[in-house]
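# Structural overview
The lines below spell out each chain.
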Amino acid sequence: MIEFDGVEFRYGGGREILREVSLTIEAGGFHFLTGPSGAGKSTFLRLCRMALRPSAGRLRVFGVEAAEADADAVAALRRRIGMVFQDGRFLDHLSVFDNVALPLRIRGAPARERRAQAAELIEWVGLGARAHALPAELSGGELQRAALARAVIGAPDLIIADEPTGNVDRETAVELLSLLMALHRHGKGVLIATHDHELIRAARRETPVQVLRIEDGCVLAQGRRR
Ligand code: ADP
Ligand code: ADP
């Protein structure tokens, strides 16, 4: 699904953030990305959805080659990836409901379909009672649930989450994990950047996971084990 082959990355003329990264992220797998703060986890995730392109080496995402992808190819690829951003990225003046429905609106889906899907996903993440609240009225945990609903609404093949449990209590973290696990059982790939080793342990009790660790610009696969 995502193939890195000798990928190097630097911002502008800056230092090398990633060097010689060669690995494959298989479709439908459950993957964690870990490593110290500033190691390049968010950078790696931006490469995965081609918000950035490699400085050298080859990157292929869902069969799309980074060196050849034009804006339309990247847009098509992004529709296959649901993104849970660390900072939420909600539109402050829209309700939770409208924020969750927004990706479908941008895609031009009919209103009836948008409403039905947003309502279903908001229930699924347990925010039914908060659907008409504004983002500023939600707790950190509620915001992350809403962010997950919004990431899933376009029926993506892969969900990428950047530190989804960074700002939530343990109970919410466990609930978010179980939602991600459910998506995985339905055949979706999951890629989570996190410092939360307890979360990784909890996931491992349920399913084989792949843990990737970024250190000194290298991404090391820590094996697929329970
Ligand atoms: P992590 O997610 O592991 O904390 P990041 O990928 O955010 O790491 O950052 C890796 C390094 O790249 C850090 O040194 C960070 O300051 C730098 N960096 C991130 N984004 C940019 C950018 N747009 N321009 C320049 N440097 C950046
Ligand atoms: P995205 O993943 O869509 O690029 P982010 O929230 O990760 O969004 O980053 C928002 C913007 O801030 C990006 O353009 C990113 O490159 C930039 N950025 C993030 N961290 C740094 C940093 N440490 N130094 C400079 N720019 C940064």
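Residues numbered from 1 in each chain as written. Chains lettered and ligands numbered in written order. Predicted model: local features only at pLDDT ≥ 70, side-chain atom pairs only at ≥ 80, totals over all residues. Heavy atoms only, no water.

## Focus on the site of ligand 1
The immediate surroundings of ligand 1 are formed by Y11, R15, I17, P36, S37, G38, A39, G40, K41, S42, T43 and R46. The separation between a nitrogen atom of ligand 1 and a polar side-chain atom of Y11 is 3.2 Å. Interatomic distance of 2.8 Å between a side-chain N/O atom of R15 and an oxygen atom of ligand 1. For ligand 1, whose accessible area on its own is 560 Å², the fraction buried by protein is 59%. Element by element, the count of residues in the shell around ligand 1 is highest for helix 1 (residues 41-48), at four residues. (Near = heavy atom within 4 Å. Polar contact = N/O pair within 3.5 Å; in protein donor to acceptor, adjacent residues only side chain to side chain. Areas by Shrake-Rupley, 256 points an atom, 1.4 Å probe, with all protein chains shown as cover. Helix = DSSP H or I, 4+ residues; strand = E, 2+ residues; numbered from the N terminus.)

## A look at the sheet that holds strand 1 (residues 2-10)
Across the sheet, which stays open at both edges, the four strands sit in the order 2-1-4-5 with antiparallel pairing between neighbours. With partners counted over all chains shown, the strands left at the sheet margins are strand 2 (16-25) and strand 5 (64-65), one partner each. Where helix 1 meets the sheet, its contacts fall on strand 1, strand 2 and strand 4 (56-61), and the angle it forms with strand 1 comes to roughly 125 degrees. (Pairing = 2+ DSSP bridges. Contact = heavy atoms within 4.5 Å. Axes fitted to C-alpha atoms, helices over the stretch in contact; angles between N-to-C directions.)

## Some remarks on the packing of aromatic side chains
A complete count under the given rule lists three aromatic pairs for this structure. Judged by centre distance (4.6 Å) and plane angle (10 degrees), the rings of F4 and F44 are stacked. Of this pair, F4 sits in strand 1 while F44 is found in helix 1, placing the two residues 40 residues apart along the sequence. Consider the rings of F9 and Y11, whose centres lie 4.8 Å apart with planes at 85 degrees: the pair is edge-to-face. In this structure Y11 comes out as partly exposed when scored by relative accessible area, which is 37%. Taking the ring centre of F62 as reference, the NZ or CZ of R80 above it sits at 4.1 Å. The positively charged end of R150 is found above the aromatic ring belonging to F90, 4.5 Å away from the centroid. (Phe/Tyr/Trp six-rings, centres within 6.5 Å; stacked < 30°, edge-to-face > 60°. Buried < 20%, exposed > 50% of the residue type's maximum accessible area, 1.4 Å probe, protein only. Lys NZ or Arg CZ within 6 Å of the ring centre and 35° of its normal.)

## As for the pattern of salt bridges
Counted under the stated rule, the structure contains 11 salt bridges. R130 is the salt-bridge partner of E142, the closest N and O atoms lying 3.4 Å from each other. In this pair, E142 sits in helix 5 (residues 140-152) while R130 sits in the loop between helix 4 (111-124) and helix 5, placing the two residues 12 residues apart along the sequence. Judged by its relative accessible area of 28%, R130 falls in the partly exposed class. (Salt bridge = Lys/Arg side-chain N within 4 Å of Asp/Glu carboxyl O.)

## Examining the site of ligand 2
Looking at ligand 2, the residues that line it are R46, R49 and R89. R46 has a polar side-chain atom sitting 2.4 Å from an oxygen atom of ligand 2. A distance of 2.7 Å separates an oxygen atom of ligand 2 from a polar atom in the side chain of R49. In the complex, 35% of the free accessible area of ligand 2, which totals 540 Å², lies under the protein chains.

## What to know about the packing of helix 3 (residues 96-106) against helix 4
Running from amino to carboxyl end, helix 3 crosses helix 4 at an angle of 125 degrees, the nearest separation of the two axes being 9 Å. Classified by the angle between their axes, helix 3 and helix 4 sit oblique to one another. Crossing of helix 3 over helix 4 shows right-handed handedness. Residues V96, F97, V100, A101, L104 and R105 of helix 3 lie in contact with helix 4, whose contacting residues are E113, R114, R115, Q117, A118, A119 and I122. (Parallel < 35°, antiparallel > 145°, perpendicular 65-115°, else oblique. Left-handed = near helix turned anticlockwise from the far one by under 90°.)

## Section: the domain arrangement of the protein
When its domains are assigned, the protein resolves into domain 1 (2-80 + 156-225) and domain 2 (91-155). On a C-alpha basis, the centroid separation for the pair domain 1 and domain 2 is 23 Å. Across the contact, 16 residues belong to domain 1 and 12 residues belong to domain 2. When the two sides are added together, the surface that domain 1 and domain 2 hide from each other amounts to roughly 1,100 Å², 69% of it contributed by carbon and sulfur. When the buried surface of domain 1 facing domain 2 is broken down by residue, R79, P156 and L179 rank first, second and third, together holding 41% of it. Scanning the region where domain 1 abuts domain 2 turns up one salt bridge. As a salt-bridge pair, R145 and E175 come within 2.3 Å of each other at their nearest N and O atoms. At the junction of domain 1 and domain 2, the tally comes to two residue pairs in polar contact (both at pLDDT 80 or more). Tallying contributions element by element places helix 6 (residues 170-185) first for the side of domain 1 that touches domain 2, with seven residues. In terms of residue class, the side of domain 1 that touches domain 2 is built from nine nonpolar, two polar and five charged. (Domains from an automatic or database assignment. Buried area = accessible area lost by both parts, 1.4 Å probe. Nonpolar A, V, L, I, M, F, W, Y, C, P; charged D, E, K, R; others polar.)

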